[in-house]
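# Residue-level structural notes
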Amino acid sequence: MPDKVLKTDSGIAIKEIYTGEDIQQTDPSLPGEFPFTRGVQSSMYRGKLWTMRQYAGFSTAEESNKRYHYLLQQGVNGLSVAFDLPTQIGYDSDHPLADGEVGKVGVAIDSLEDMEKLFKGIKLEEVSTSMTINATGIILLAFYVALAKKQGADLSKISGTIQNDILKEYAARGTYIYPPKASMRIITDIFEWCSKELPKWNTISISGYHIREAGSTAVQEIAFTLSNGKAYVKAALAKGLDINVFGKRLSFFFNAHNNLFEEVAKFRAARKMWASIMKDLGATDEKAMMLRFHTQTGGSTLTAQQPMNNISRVTIQSLAAVLGGTQSLHTNGYDEALSLPTETAAGIALRTQQIVAFESGIADTADPLAGSYYVEAMTAAVEAAAWELIKTIDAMGGSVAAIEEGFIQNEIANSAYRYQRDIESGKKVIVGVNKFEADHEEKIPVFRIDDSIQKMQTSQLDELRKRRNTQEVKACLHQVRLAAENGSNLMPHILEAVTQYCTLGEIADTLRDVFGEYR
């Protein structure tokens, strides 16, 4: 009787046993050496642990500030800001389309005044901040820089990341505003300005996370993400930027799911592939060829049924991220299939990282799974399958063309359908969902956002508009419009506008008038 055929969710066949014969080509490189399969630092976590981030942001800036201070007291060394939907798509809190969404999935930021409240008592020189924002990324970065200047900070010491990855919004997530070409122009304006003014800032976090959340496989996650990365690099090169300069400030954002070994292989393969891509595009500085990445545990893997089981899932995913060599990590709360995380759940999520770091022994040596017949064979298989997808996208003319043709969206949708079908048929076991169900569910407290937040935010916005200099606001918005029309770099003009307390919605609308909206 033939052996049962097992496959990963990416369709890679898994053998019953692996031997040295399954490793066709051995990568002799060490951690810190091109092509960085084994990691981007020679000593990895012996030299410095990954940055422990916790993604937080809800309600008002004042409430989010309290959570940030709590997390910093608990040992977080990097903040990660979640913004509400109106902020993400360029609407002030008093806009009709913002109704019912203010402060719900993240913090509402309408102006520099909100940013001042968000980071009250936190010196921006002393923390690394990641901001999950895309279409309005240039405006939120301007808020952050303006606040740093008000604090008297040295901009050369300000570190962090802005997601700023619009291509995956068209493909998987949907919080875009402007057409692709205009969006790519905004992104390269950020690259150009930061290379001169904000040298330690990661100007983009090219995101596979949301591609995976939308239903892609591990192979598709890195193939589509690296293809998007190629598109950004080519756009920057077309603008005349130096790949050896901006290439060092590119970062990536990946998901970590439950198949431990496929996930580790995914991270190792992605590093090797990106080094090859950057070298082919003209990079000569090895630091510009390094794939540095943040990882978040898989939100879509969390279950509303038996939610305490999610602590185990997040632990497995944390192990995958660290064994795979991540540079920073966010661990999800066990209750996030039900609501935003409570303070208790956020605390347990952080402690999970700290236990992995200080009790597991995983951080003691670089790439501890290197040489495993299974992991090395899986790394090669993931890489080969991802290259095939990238070749298909390249033949279409790259990521932008593949998105415009609907190829990437259809591939993700088909994978999501197959995965759901396998769950419903029982072929894919999800503990507590389609097997080992409980007769009754344990009640756990959930985090609720009060609807009065919108009224409070709108009132504060109204007061701001009365206090600020109206003539200065009009003049600044006019300069933003002119820069959008004549092709000059937008960042200096937006920075001046936010300093005069122009709102996010006013700046986004000015750009809408020039660039239009993508439908």
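Residues numbered from 1 in each chain as written. Predicted model: local features only at pLDDT ≥ 70, side-chain atom pairs only at ≥ 80, totals over all residues. Heavy atoms only, no water.

### Considering the pairing of strand 4 (residues 78–82)
Burial analysis of strand 4 places five of its five residues in the buried class, the great majority of the element. With burial as the criterion, each face of strand 4 is covered, one bearing Gly78, Ser80 and Ala82 and the other bearing Leu79 and Val81. Bridge analysis of strand 3 (residues 51–56) against strand 4 gives four bridges, and the strand direction is parallel. By the bridge assignment for strand 4, Gln54 is matched with Leu79. Pairing of strand 4 with strand 5 (residues 128–132) involves five bridges; the strand directions are parallel. For Ala82, the partnering residue across the bridge sits in strand 5 and is Thr132. (Buried < 20%, exposed > 50% of the residue type's maximum accessible area, 1.4 Å probe, protein only. Helix = DSSP H or I, 4+ residues; strand = E, 2+ residues; numbered from the N terminus. Pairing = 2+ DSSP bridges.)

### Concerning the side chain of Lys168
Looking at the secondary structure, you find Lys168 in helix 5 (residues 167–173). At a separation of 3.1 Å, a polar atom in the side chain of Lys168 contacts the side chain of Asn134. Within the structure, the side chain of Lys168 is placed 2.9 Å from the side chain of Gln163, a separation counted as a polar contact. Apart from the residues lying within four places of it in its own chain, the contact partners of Lys168 are Asn134, Gln163, Arg173, Ser207, His210, Ile211 and Asn228. (Polar contact = N/O pair within 3.5 Å; in protein donor to acceptor, adjacent residues only side chain to side chain. Contact = heavy atoms within 4.5 Å.)

### Brief notes about helix 19 (residues 504–515)
Between its first and last C-alpha, helix 19 extends 16 Å over 12 residues, near the 16 Å set by a 1.5 Å rise per residue. Of all the 12 residues making up helix 19, nine are buried; the element is thus mostly covered by neighbouring parts of the structure. Residues of helix 19 that are buried in the fold lie against helix 2 (85–88), helix 4 (137–150), helix 6 (180–197), helix 16 (452–467), helix 17 (470–486) and helix 18 (491–499). Gly516, located one to two residues past helix 19, shows a positive phi value of around 80°. (Expected span 1.5 Å × (residues − 1).)

### A few points about the sheet that holds strand 6 (residues 159–162)
Paired through their backbone hydrogen bonds, the strands of a sheet run either parallel or antiparallel. Judged by pairing direction, the sheet is parallel, and its nine strands sit side by side in the order 7-6-5-4-3-11-10-9-8 without closing on themselves. Pairing within the sheet leaves two strands with one partner each, and these edge strands are strand 7 (201–202) and strand 8 (204–207). Running over the sheet, helix 1 (residues 61–73) touches strand 3 and strand 4 and is turned about 155° from strand 4. Sheet contacts for helix 4: strand 5, strand 6 and strand 7; angle to strand 5, the most-contacted strand, approximately 155°. (Axes fitted to C-alpha atoms, helices over the stretch in contact; angles between N-to-C directions.)

### Remarks on the packing of helix 4 against helix 6
One can describe the packing of helix 4 onto helix 6 by two numbers: an axis separation of 10 Å at closest approach and a directional angle of 25°. The orientation of helix 4 relative to helix 6 falls into the category roughly parallel. Residues Ile138, Leu141 and Val145 of helix 4 form the contact with helix 6, whose participating residues are Ile186, Ile190, Trp193 and Cys194. Looking at the contact of helix 4 with helix 6, its residues break down into seven nonpolar, no polar and no charged. (Parallel < 35°, antiparallel > 145°, perpendicular 65-115°, else oblique. Nonpolar A, V, L, I, M, F, W, Y, C, P; charged D, E, K, R; others polar.)

### Description of the packing of helix 10 (residues 260–280) against helix 13 (residues 373–396)
At a minimum axis distance of 8 Å, the contact between helix 10 and helix 13 shows a crossing angle of 55°. One finds that helix 10 runs oblique with respect to helix 13. Crossing angle aside, the handedness with which helix 10 passes helix 13 is right-handed. Here Phe261, Glu262, Val264, Ala265, Lys266, Arg268, Ala269, Lys272, Met273, Ser276 and Ile277 of helix 10 lie close against helix 13, whose contacting residues are Tyr374, Val375, Glu376, Met378, Thr379, Val382, Glu383, Ala386, Trp387 and Ile390. Of the residues contributing to the contact of helix 10 with helix 13, the split by class is 13 nonpolar, two polar and six charged. (Left-handed = near helix turned anticlockwise from the far one by under 90°.)

### Focus on a positive patch on the surface
Residues Lys7, Arg418, Arg421 and Lys427 make up a contiguous surface patch of positive charge. Position of Lys7 among the secondary structure elements: in strand 1 (residues 6–7). Taking relative accessible area as the criterion, Lys7 reaches 54% and is therefore assigned exposed. (Patch = residues over 30% accessible without salt bridge, like charges linked within 9 Å, V, L, I, M, F, W, Y side chains within 5 Å. Areas by Shrake-Rupley, 256 points an atom, 1.4 Å probe, with all protein chains shown as cover. Salt bridge = Lys/Arg side-chain N within 4 Å of Asp/Glu carboxyl O. Lys, Arg positive; Asp, Glu negative; His and termini not counted. Charge placed at Lys NZ, Arg CZ, Asp CG, Glu CD.)

### What to know about the packing of aromatic side chains
Inspection of the entire model under this criterion finds 18 aromatic pairs. Geometrically, the ring pair formed by Tyr68 and Phe119 is stacked, given 6.1 Å between the ring centres and 25° between the ring planes. Of this pair, Tyr68 sits in helix 1 while Phe119 sits in the loop between helix 3 (112–118) and strand 5; the two residues are 51 residues apart in sequence, bridging distant segments of the chain. Of the two residues, Tyr68 and Phe119, neither departs from the other in class, the shared state being buried. Taken together, a centroid distance of 5.3 Å and an interplanar angle of 45° make the contact between Tyr144 and Trp201 tilted. (Phe/Tyr/Trp six-rings, centres within 6.5 Å; stacked < 30°, edge-to-face > 60°.)

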